[in-house]
Amino acid sequence: MQRESSAGRRDFLRTSGVLTGLLAAGSPLALFAPSRAWAVDLTTLTSAEGAILLAVCRTIAPHDGLEDAAYAVVVRAIDEQASRDESFAKLIREGLATLGRGFASADEPTRVEALKRIESSPFFQSVRVSTLQTLYTSPLAYAYFGYEGESFSKGGYLTRGFNDLRWLPEVPEEDSGPVPGA
Amino acid sequence: MAETAPASPRTRFAQNDDGVVVIIGSGAGGGTLAHELTRRGIRVVLFEAGKRLTLEDFSQVPGEAFAMLTWLDPRTQSGTWTVREDFPTLPSWTCKTVGGTTVHWTGACPRQQPWELRARTEYGDLPGTSLIDWPIAYEELEKYYDLAERRLVVTRRHGVPGLPASNKFKVMYAGAKALGYQRVHTGYMAINSQPADGRPPCLQMGFCVQGCKIGAKWSTLYTEIPRAEATGNLDLRAECMVTRIEHGPDGRVTGVVYRDPSGREQRQRARLVCVACNAVETARLLLLSESGKFPRGLANSSDQVGRNYCHHVGGFVWGCFDKPVHAWRGAVLAGVVEDETKNDPKRGFVGGYHLELAMLDLPSLPLAGLPYMWGRELAAVMEDYRNMSGMFICGEDLPRPDNRITLDPTVRDQYGLPVAHIHVDDHENDTAMRTHAQTQATRIFEAVGARRVVCSRATPATHNMCTARMSADPCDGVCNGWGQTHDVPNLFISDGSAFSTPGSANPTLTIVALALRQADYIERQMSARSI
């Protein structure tokens, strides 16, 4: 029993990794971060695996203005899922191994070519879905893309711009309707 | 604020009470029928597989509403439709909660058009289809459309004002008018444009699909169901999934087998049973209820149960502009172009389509709206989120005998029962219509300066229809023009499964109209002791 648990502990230490970075001065993400330096701990993937995975995520959804910190959140989500699900962890590890260590530092056309070759693989599809599910859900993404999100607590958009577009003509009354309370 | 709390004290009917009407499913069909029967003094046990939520439970936090409301029991699929590739685990997007899909629907209430109820006659004998005419004429349905529109307080009908134009509607309107379209407006919507029915007007929150937190949008959850409860004649059993409909030696149904909230098997006797589980699960339940007497499934002597599955030609079109639209602000679907709902075979296809306003919240856009896209192409569209507007195509697809719901031979649900398998092959008519609709939507956006237009492929089916269809000839379908099954006189189909053909209208209003009409029939038949 004890031997098993200490083996598990060693295994954990061997495989856990960390991703680190520094936010650019004036980054919109700085609004949400306590300091410019950031670090994301990984419990299942190694630092090297995390770096490859981060490059995969950025290639799937390449927003030049979004910093690595935003993609590191995706890596952490995938790492968390991997820590709960052994077969998922295996899928991710093997996929990353296939791409190889050089992937993280390759230029974008090379990374795109490499991913196109595995586009229909369960590995790619899993990472693509995880990237889309996580990347656009964070407050960081809301700020970057200008999305205002939840509106119930603010009384909806009735008085906050649901009809503030002025670069096209107004719709005649017969095809529209009255604004309540206006 | 709309009322969602159950009336007290709760009504309970005995499980061996064989005088009750059992309704399975609490959405547009089942919830409406329950109210109509109970207010006439008929005792109803209403089964709902999902939980009862309140407006306070609804969430605008990304992903929470989807997890809370959606039917997530497994389903499998096959066929040539692109949904199989893009949404392998979600062929159909329906709800599992009290109120059914009326909790997540967008509120659009167009009517079927008279000629759409004569699809076989109008379109002819098209190869690869199983078209039939409806056994009822539009004139018979018209009165119930009026009643349904008043019940749902549909805008732009019966003197109810339209919803105000949102930013994204201004885009649609200007573009459509530039193309010469005439019938463009903010839609026939079951969303309050003014206080009505004890519910407030729309606050333009932009979260119709997550469950309207103020109840401005009609849902049986806070209209028909509490009103049915207030009669003292409704026993609502939430979190109780019916797994089988039972019958006696004479072939008439006698009751249902269900799992209670703790998963224990229970039985409820019934005088008659109405099935309203949304077209995929309605077909599945009939197939699961096979017996020595009904070896192919209950009410399936025609072998039509599950066949002719229709889901509408659907899909998004996104336009990206140089200036902001902020399209996420405001009611999701409040806008429509009706000009293409005609049947004009010169366009290269039969049947028509609506172009409806649409938008997705930021997290949902890449998942549901651009599901196969990645790389620079995806990033470029997403970077335009502020400046985007959207439309949704809703067109008539054609019934095919092999587009059907069957029981999956291997995959089981939490109770060990076979899950629904959905097979869909697109008909060339569907493909031609989709191309035409995408072209017209693109022209609308380009007419007002779009510098990029992106068309999505088909989305998971939200409009599920025709899997237990009404037919004049019992060989062609499962039920008659009242939704009463041809094989079993005290078994009714009370949801979109009963549509003979899908038409181009969003189905909810027609489901409600048919439920109101069916309630009249059931009452008459029960009074006459015919059922």
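Definitions and limits used
Residues numbered from 1 in each chain as written. Chains lettered and ligands numbered in written order. Predicted model: local features only at pLDDT ≥ 70, side-chain atom pairs only at ≥ 80, totals over all residues. Heavy atoms only, no water. Helix = DSSP H or I, 4+ residues; strand = E, 2+ residues; numbered from the N terminus. Buried < 20%, exposed > 50% of the residue type's maximum accessible area, 1.4 Å probe, protein only. Areas by Shrake-Rupley, 256 points an atom, 1.4 Å probe, with all protein chains shown as cover. Contact = heavy atoms within 4.5 Å. Buried area = accessible area lost by both parts, 1.4 Å probe. Salt bridge = Lys/Arg side-chain N within 4 Å of Asp/Glu carboxyl O. Polar contact = N/O pair within 3.5 Å; in protein donor to acceptor, adjacent residues only side chain to side chain. Nonpolar A, V, L, I, M, F, W, Y, C, P; charged D, E, K, R; others polar. Expected span 1.5 Å × (residues − 1). Arc of directions from axis to C-beta. pLDDT = per-residue confidence, 0-100. Pairing = 2+ DSSP bridges. Axes fitted to C-alpha atoms, helices over the stretch in contact; angles between N-to-C directions. Phe/Tyr/Trp six-rings, centres within 6.5 Å; stacked < 30°, edge-to-face > 60°. Lys NZ or Arg CZ within 6 Å of the ring centre and 35° of its normal.

Draft legend 1. Structural context of the overall build of chain A. The number of helices and strands found in chain A is 7 helices and 2 strands. Looking at chain A residue by residue over its 182 residues, the buried ones come to 43%. Working note: accessible area of chain A is about 9500 Å², and carbon and sulfur atoms make up 54% of it.

Draft legend 2. Molecular detail of the interface of chain A and chain B. Each partner contributes residues to the interface: chain A has 54 residues there, and chain B has 54 residues. A combined buried area of about 4400 Å² lies between chain A and chain B, and 61% of that area is made up of carbon and sulfur atoms. The interface formed by chain A and chain B contains 5 salt bridges. Across the pair K170(B) and E170(A) runs a salt bridge whose closest N-O atoms are separated by 3.0 Å. At the junction of chain A and chain B, the tally comes to 34 residue pairs in polar contact (both at pLDDT 80 or more). Among the elements of the structure, α2 (47-60), α5 (108-117), α6 (122-135) and α7 (139-145) of chain A are those that each provide at least two residues to the side of chain A that touches chain B. Looking at the side of chain A that touches chain B residue by residue, the classes come out as 28 nonpolar, 13 polar and 13 charged.

Draft legend 3. Inspection of the environment of V22(B) at higher detail. Residues and elements named next belong to chain B. Residue position: V22 is located in strand β1 (residues 21-24). For V22, a relative accessible area of 0% corresponds to the buried category. In this structure the C-alpha to C-alpha distance between V22 and V273, which are 251 residues apart in sequence, comes to 4.8 Å. Once residues within four sequence positions are removed from consideration, V22 is found in contact with V45, F47, V256, Q268, R269, A270, L272, V273 and C274.

Draft legend 4. Summary view of unusual backbone geometry. All names here are of chain B. Look at V153: it is not a glycine, yet its phi comes out positive at around 50 degrees. Relative to the assigned elements, V153 resides in the loop between α5 (138-152) and α6 (167-178). Unlike most non-glycine residues, H312 shows phi in positive territory, near 70 degrees. For H312, the position within the fold is in the loop between α8 (279-288) and β10 (313-320). Its relative accessible area of 4% is what places H312 among the buried residues.

Draft legend 5. Geometry of α6(B). Residues and elements named next belong to chain B. Here α6 spans 17 Å end to end across 12 residues, near enough to the 16 Å set by a 1.5 Å rise per residue. Across the 12 residues that make up α6, a large majority, 10, are buried. Of the residues making up α6, those classed as buried are N167, K168, F169, K170, V171, M172, Y173, A174, G175 and A176. Those residues of α6 that are buried are in contact with β4 (184-185), β11 (336-337), β12 (353-358), β13 (388-395) and α11 (428-447). Positive phi shows up at G180, right after α6, with a value of about 95 degrees.

Draft legend 6. Spotlight on α5(A). Residue and element names in this part refer to chain A. Turning to α5, its buried residues number three or more, namely R111, A114 and L115. End-on view of α5: buried residues confined to an arc of 95 degrees, all on one side of the axis. Those residues of α5 that are exposed and aimed more than 90 degrees away from the buried face are P109 and R117. Looking at the buried positions of α5, the neighbouring elements they touch are α2, α4 (86-99) and α6.

Draft legend 7. Representation of the confidence of the model for chain A. Residues and elements named next belong to chain A. Residue-level pLDDT values for chain A average 88, and 86% of them are 70 or greater. Within chain A, the element-level pLDDT minimum falls on helix α1 (residues 2-15), averaging 45, and the maximum on α5, averaging 98. The model gives residues 1-14 a pLDDT under 50, and that stretch makes 2 contacts with residues more than four places away or in other chains.

Draft legend 8. Representation of the sheet that holds β10(B) in the model. All names here are of chain B. Pairing is antiparallel across the open sheet formed by 6 strands, whose spatial order is β4-β11-β12-β13-β10-β16. Lying at the two open borders of the sheet, with one neighbouring strand each, are β4 and β16 (452-455). Each of β4, β11, β12 and β13 touches α6; the most contacted strand, β12, lies at about 145 degrees to it.

Draft legend 9. Structural view of the packing of aromatic side chains. All names here are of chain B. Enumeration over the complete set of coordinates arrives at 21 aromatic pairs over all chains. When the centroid spacing of 5.5 Å and the interplanar angle of 45 degrees are considered together, the rings of W134 and F499 count as tilted. Of this pair, W134 sits in the loop between α4 (119-123) and α5 while F499 sits in the loop between β17 (491-493) and α12 (508-527); the two residues are 365 residues apart in sequence, bridging distant segments of the chain. Each of the two residues, W134 as well as F499, counts as buried. Ring centres of F321 and F445 lie 5.8 Å apart, and the angle between their planes is 80 degrees; on these two criteria the pair is classed as edge-to-face. Taken together, the positions of F321 in the loop between β10 and β11 and F445 in helix α11 put the pair 124 residues apart, joining distant regions of the chain. In this structure, F321 and F445 share a single accessibility class: buried. Here the guanidinium or amino end of R43 rests over the ring plane of F13, the centre of that ring lying 5.3 Å away.

Draft legend 10. Seen up close, the sheet that holds strand β6 (residues 241-247) of chain B. All names here are of chain B. Pairing within the open sheet is antiparallel, and its 3 strands lie in the order β6-β7-β8. Of all strands in the sheet, those bounded by a partner on one side alone are β6 and β8 (265-269). Between one strand axis and the next, the sheet turns through 25 degrees on average, direction left out of account. Where β6 and strand β7 (residues 253-259) come together, 6 bridges link them in antiparallel fashion. Looking across to β7, one finds that I245 is bridged to V256.

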